[in-house]
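Fold and contact review
Now for the letters of each chain:
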Amino acid sequence: MTARGLGRTRVRVSPLGFGAAPIGNLYTPLDENQALAAVDAAWDAGVRYYDTAPHYGLGLSERRLGAALAHRPRAEFTVSTKVGRLLEPHPAPTGSDLAAGGFAVPDTLIRRPDYSRDGVLRSLEGSLIRLGLDRVDIVYVHDPDDHVDAALDQALPALAALRDQGVIGAVGVGMNAVAPLLRVVAEADVDAVMVAGRWTLLDRTARPLLDACAERGVSVVAAAPFNSGLLSRPHPPDDAFFDYGPAPEAVLRRARRLAEVCARHGTVLPHAAVRFPLRDPVVAGVVAGFRSSAEVTSAALWIADDLTDDAWSDLDAAAD
């Protein structure tokens, strides 16, 4: 995979990024060996960008990713993690993080929102320890939906200072919502934004964000290209999820129209879904979450194989 530059920095990402939330036991447990095998498969397929966060499995994702990459040449891969949620001892554990955080891990820790300078430094220090690295390449402010002012006033300036000192390579913000990301791009010194689920084959509401990023030299990383699983199968089932919940009937119908168009053009829905974001030149990479070697291998093949202009034209029409 040919790496792409991130904003005006020297950081480069592969077109396909490995989203490490699933190896942090997202929703269901994943065996340690399966998690490591998924990362190994990504490496073998040419993936060189790996995204994680303290939030994912209360640090489990970072620990597993660090272990899986420990024997790889550090100069050959890019790692991003996130700040804004400090992990602290849980004063009253219930036994599982599933209800509170969505991860099948013991809730011995709790997430505390902290977008201050000190919180950023503490969070990054913890991430480096869990990853077993002396540096990370990209740091995103994680989901500051209710803390945009604090992110702009404290977290992002702290990260920009670390970037300017050469401690980290690039600064960004990662969110699902488009409006606050537009504000960040307009007001902050960022190199990239990670937008989840809003620049996909099915949901294209991030179009204004992509335009704003193009004007300001900010790169976009498109995460969650399968829209919580709806676009991850050739034929979306009745119980498919969209945007972290059961897919509404109208959304299911649109997804099935897209699947029919893919079949007519000799491909499958997940192929078009993972390839779609890269059609726009401001998108540096696509980050998808993976639980298995087979999932990674398939996605890598799809990323490398573009669709025809006729196929994209028909898909664009079906997405409306």
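Residues numbered from 1 in each chain as written. Predicted model: local features only at pLDDT ≥ 70, side-chain atom pairs only at ≥ 80, totals over all residues. Heavy atoms only, no water.

1. Quick word on the overall build of the protein
Applied cut-off: Helix and strand labels come from DSSP, where a helix needs a run of H or I of at least four residues and a strand needs a run of E of at least two; each type is numbered from the N terminus. Atoms considered for the radius of gyration are the C-alpha atoms alone. The globule rule reads 2.2 Å times the number of residues to the power 0.38. With a 1.4 Å probe rolled over the protein chains alone, any residue whose accessible area is under 20% of its type maximum counts as buried; one over 50% counts as exposed, and the rest are partly exposed. Positive: Lys, Arg. Negative: Asp, Glu. His and the chain ends are not part of the count. The atoms used to mark charge sites are NZ of Lys, CZ of Arg, CG of Asp and CD of Glu.
Helices and strands together make up the secondary structure of the protein, namely eleven helices and 14 strands. The C-alpha atoms of the protein give a radius of gyration of 19 Å, which matches the 20 Å a tight globule of 320 residues would have. Considering only C-alpha atoms, the protein reaches an extent of 55 × 45 × 40 Å along its principal axes. Residues classed as buried in the protein amount to 57% of the 320 residues present. Side-chain charges in the protein split into 32 positive and 41 negative, and the spacing between the mean points of these groups amounts to 2 Å.

2. Quick notes on the environment of V218
Convention followed: It only takes one pair of heavy atoms within 4.5 Å for two residues to be counted as in contact.
Topologically, V218 is positioned in the loop between α7 (207–216) and β11 (219–223). The buried category is assigned to V218, whose relative accessible area is 6%. Placed 37 residues apart in sequence, V218 and L181 show a C-alpha to C-alpha distance of 11 Å. The contact partners of V218, leaving out residues within four places of it in the chain, are V185, V190, D191, A192, V193, C213 and V282.

3. Describing the pattern of salt bridges
Filter applied, for reference: Criterion for a salt bridge: a side-chain nitrogen of Lys or Arg within 4 Å of a carboxyl oxygen of Asp or Glu.
By the definition in use, this model includes 25 salt bridges. Its salt-bridge partner being D316, residue R204 comes within 2.8 Å of it at the nearest N-O pair. Linking R204 in the loop between β10 (192–196) and α7 with D316 in helix α11 (residues 309–319), this pair joins segments that are 112 residues apart in sequence.

4. Describing the packing of helix α1 (residues 32–44) against helix α2 (residues 60–69)
Going by this rule: Between N-to-C directions, angles cover 0 to 180 degrees, with each direction set by a line fitted to C-alpha atoms, over the stretch in contact for helices. In what follows, roughly perpendicular refers to angles from 65 to 115 degrees, roughly parallel to angles under 35, roughly antiparallel to angles over 145, and oblique to any angle outside these ranges. Note on convention: near helix rotated counterclockwise from far helix by under a right angle means a left-handed crossing. Clockwise means right-handed. Just so you know the grouping, Ala, Val, Leu, Ile, Met, Phe, Trp, Tyr, Cys and Pro go in nonpolar, Asp, Glu, Lys and Arg go in charged, and all remaining residues, Gly too, go in polar.
Viewed as axis vectors pointing N to C, α1 and α2 meet at an angle of 55°, and their least axial separation amounts to 9 Å. Relative to α2, α1 is oriented oblique. Here α1 and α2 pass one another in a crossing that is right-handed. For the pair formed by α1 and α2, the contact residues are E32, A35, L36, V39, D40 and W43 on the first element and R64, L65, A67, A68 and L69 on the second. Within the contact of α1 with α2, the residues separate by chemical class into eight nonpolar, no polar and three charged.

5. Thoughts on the environment of R111
Applicable threshold: Throughout this description, a polar contact denotes any pair of N or O atoms lying within 3.5 Å of each other; where both atoms belong to protein, one of them has to be capable of donating a hydrogen while the other can accept it, and for residues adjacent in sequence the pair is counted only when both atoms sit in side chains.
Within the secondary structure, R111 is located in strand β7 (residues 109–113). We classify R111 as buried; its relative accessible area is 18%. Among residues more than four places away in sequence, those in contact with R111 are H55, L58, R85, L86, L87, D97, G101 and F103. A polar atom in the side chain of R111 sits 2.6 Å from the side chain of H55. Of the polar contacts made by the side chain of R111, one reaches the side chain of D97; its length is 2.8 Å.

6. Considering the layout of surface pockets
Heads up, the condition is: Definitions used throughout: a 1 Å grid over protein atoms alone; a cavity as a set of points that fits a 1.4 Å probe which cannot get out; a pocket as an open set with protein on both sides within 12 Å along at least five of seven lines; a lining residue as one with an atom within 4 Å of a point. Grid points are joined across faces, edges and corners, and a volume is the space filled by probe spheres set on the points.
The space that makes up the largest pocket amounts to roughly 1400 Å³. Secondary structure elements with two or more residues in the lining of the largest pocket: β9 (170–175), β10, β14 (283–289) and α10 (293–304). Ranked by the residues each element gives to the lining of the largest pocket, the list is headed by α10, at four residues. When the residues that make up the lining of the largest pocket are grouped by side-chain class, the tally is 24 nonpolar, 15 polar and ten charged.

7. Thoughts on the pairing of β14
Going by this rule: Two strands are counted as paired when DSSP detects at least two bridges linking them.
Most of β14 is tucked away: six of the seven residues are buried. Bridge count for strand β3 (residues 16–19) against β14 is four bridges, and the pairing is parallel. Bridge assignment links L16 to a residue of β14, and that residue is V286.

8. Considerations on the packing of aromatic side chains
For clarity, the threshold we go by: The aromatic pairing rule takes the rings of Phe, Tyr and Trp, using the six-membered ring of Trp, and pairs them if the centres are within 6.5 Å, calling planes under 30 degrees apart stacked, those over 60 edge-to-face and the rest tilted.
Applying the stated criterion across every chain, the model contains six aromatic pairs. Residues Y56 and F103 carry aromatic rings whose centres are separated by 6.1 Å and whose planes lie at 35° to one another, so their mutual orientation is tilted. With Y56 in the loop between β4 (49–51) and α2 and F103 in the loop between α3 (98–101) and β7, this residue pair connects regions lying 47 residues apart in the sequence. There is no split in this pair, since Y56 and F103 are both buried.

9. Observations regarding helix α8 (residues 249–264)
The periodicity of an α-helix, 3.6 residues per turn, causes residues three or four places apart in sequence to face the same way. What counts, and what does not: Here a helix's expected span is defined as the number of its residues, less one, multiplied by 1.5 Å.
Taking 1.5 Å of rise per residue, 16 residues should cover 22 Å, and α8 covers 23 Å from first to last C-alpha, within 8% of that figure. Within α8 the residues assigned to the buried category are V251, L252, A255, L258, A259, V261 and C262. Check the buried side of α8 and you find it contacts β12 (241–242), α9 (269–275) and α11. Residue G266 follows α8 closely and has a positive phi angle near 75°.

10. Notes on α7
Just so we agree on the cut-off: Taking the helix axis as origin, the arc is that swept by the directions to the C-beta atoms.
Considered for burial, the residues of α7 that qualify are L209, L210, A212 and C213. Relative to the axis of α7, the buried residues are bounded by an arc of 165° and lie together on one face. Opposite the buried face of α7, by more than 90 degrees, sit the exposed residues A214 and E215. The secondary structure elements touched by the buried residues of α7 are α6 (178–187), β10, β11 and β14. Positive backbone phi, at 70°, marks G217, one or two positions downstream of α7.

As far as function goes, none of this settles anything; it's purely spatial.
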